[in-house]
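Descriptive structure summary
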Amino acid sequence: MLFCVYGLGVFVAFYHTLTPHKDLFESVYSKSVFDRSGALLSVFLNKQEQWHLKSPHNPPHKLHLAVLAYEDKRFEKHFGIDIFALMRSVKNNLISHKRMGGSTISMQVVKLYTKAPRTLTHKINEIFQTFALECMYSKDEILNMYLNNAPYGGNIVGYHSAALLYFDKDSSSLTWAESALLAVLPNAPGLLNLHKNKQILKNKRDALLLKLHDKGYFNEDILSLALQEPLPSHKINHKNIAPHLSVYLAATQKGNNITTTID
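The structure contained in this document is the topic of the report that follows. In this convention, every chain numbers its residues from 1, walking through the sequence in written order. Residues qualify for local features only when their pLDDT is at least 70, as the model is predicted, and side-chain atom pairs are given and counted only at 80 or more; totals for whole chains, interfaces and linings, by contrast, use all residues. Remark: hydrogens and water are excluded; side-chain values derive from all non-hydrogen atoms of the structure.

**Examining the pattern of salt bridges**
One side-chain nitrogen of Lys or Arg within 4 Å of one carboxyl oxygen of Asp or Glu is enough to make a salt bridge. Enumeration according to the criterion identifies nine salt bridges in this entry. A salt bridge links Asp23 to Lys54; the shortest N-O distance between them is 3.5 Å. Note that Asp23 is positioned in the loop between helix H1 (2-15) and strand E1 (31-34) and Lys54 in the loop between strand E3 (51-52) and helix H2 (61-71), a separation of 31 residues in sequence. Each member of the pair, Asp23 together with Lys54, is buried. One salt bridge in this structure joins Glu134 and Lys139, with 2.9 Å as the shortest N-O distance. Relative accessible area decides the class of each residue, using a 1.4 Å probe on protein chains only: under 20% of the type maximum gives buried, over 50% gives exposed, and in between gives partly exposed. For Glu134, a relative accessible area of 8% corresponds to the buried category. Through salt bridges that share partners, Asp23, Glu26 and Lys54 make up one connected network. In DSSP terms, a helix is any run of H or I states spanning at least four residues, a strand is any run of E spanning at least two, and both are numbered starting from the N terminus.

**Section: the pairing of strand E2 (residues 40-44)**
E2 sits mainly inside the fold: four of its five residues count as buried. In terms of strand pairing, E1 meets E2 through four bridges, oriented antiparallel. Bridge assignment links Val33 to a residue of E2, and that residue is Ser42. Pairing between strands is defined by DSSP: at least two bridges between them are needed. In textbook terms, the turn of a hairpin is the stretch between consecutive antiparallel strands, and for E1 and E2 this stretch comprises five residues, one of which, Gly38, has a positive phi near 95 degrees.

Written out as C-alpha cells, the structure is:
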C-alpha cells in the first residue's frame, strides 16, 4: 500500500512538470540556422559545448525501424515498461557477470532528462516517471525526444548531429548501414573512437543489419552493399556559412531552428 502511494506521488510530481506536445529538452539544443530550403548554414554549440542539433524533421523511416529493432522491439505495444525485458535483465544480471539493461526507449528518455544517478530508488522512480511520460506524449514524440538527445560519442548529441559530423549529410538521407550504426551507437557511445574499437562497432552494426534483413525490410543485394559500407574514418569539420547573419539571428530570434530567406 505504501509503495503504491509512493509511486502515485512520483507519477503526479513528474506529470506536473510535463507540457503536452512540448519537447522536454527544448532548452538544451544548439542554435541552428537554415536556408529557405532547409539546408544547414550555421550551428552554435550549446552551453555544455556540445553539438546538440534538434532535427528539423522526423527521424527517417530506416532509422525508426533500426532503433526499434535494436533497442525496444515492443515499443509500439507497451506502456513505457517492458515487463519481459525487465525480467530477462534481472535474471541475466543474477546469473551472469555481463550486465544487461531492461530499459525501454521511454525509460531512457526519462533517464536522459533527469540525469539521476543509477540507484535502486531512482530506478523505481524512473518506472513511475515513465508512466507519466507515456500519458503525456505520443509514441512518435517520445521516439523523437530519444533520438534527438541520445549520446553519439564525445560532444555529439542527437542523431541529426551525428549524421552531419560522421557522414557529412542531412539525417533524412541516411543509408541502411548508417541507420544501423546510429541505432547501436547510443548503447555504447564510447566505442566510436575512430582509431579503436572499430571492429566491435562494425560487428554490432552488421548484426543489426542481418536482423533487419531477416525481418524482411530489405533484400539480399541491399544487405550485401550495407555490410560493405565502411565506418566513418574521421569526424567532419563543419564550416559555418553566412556567419554574420547567423550570429545575429541566433542572438535575436527565439527557438533552436531558425530558417532564413537565403538560398
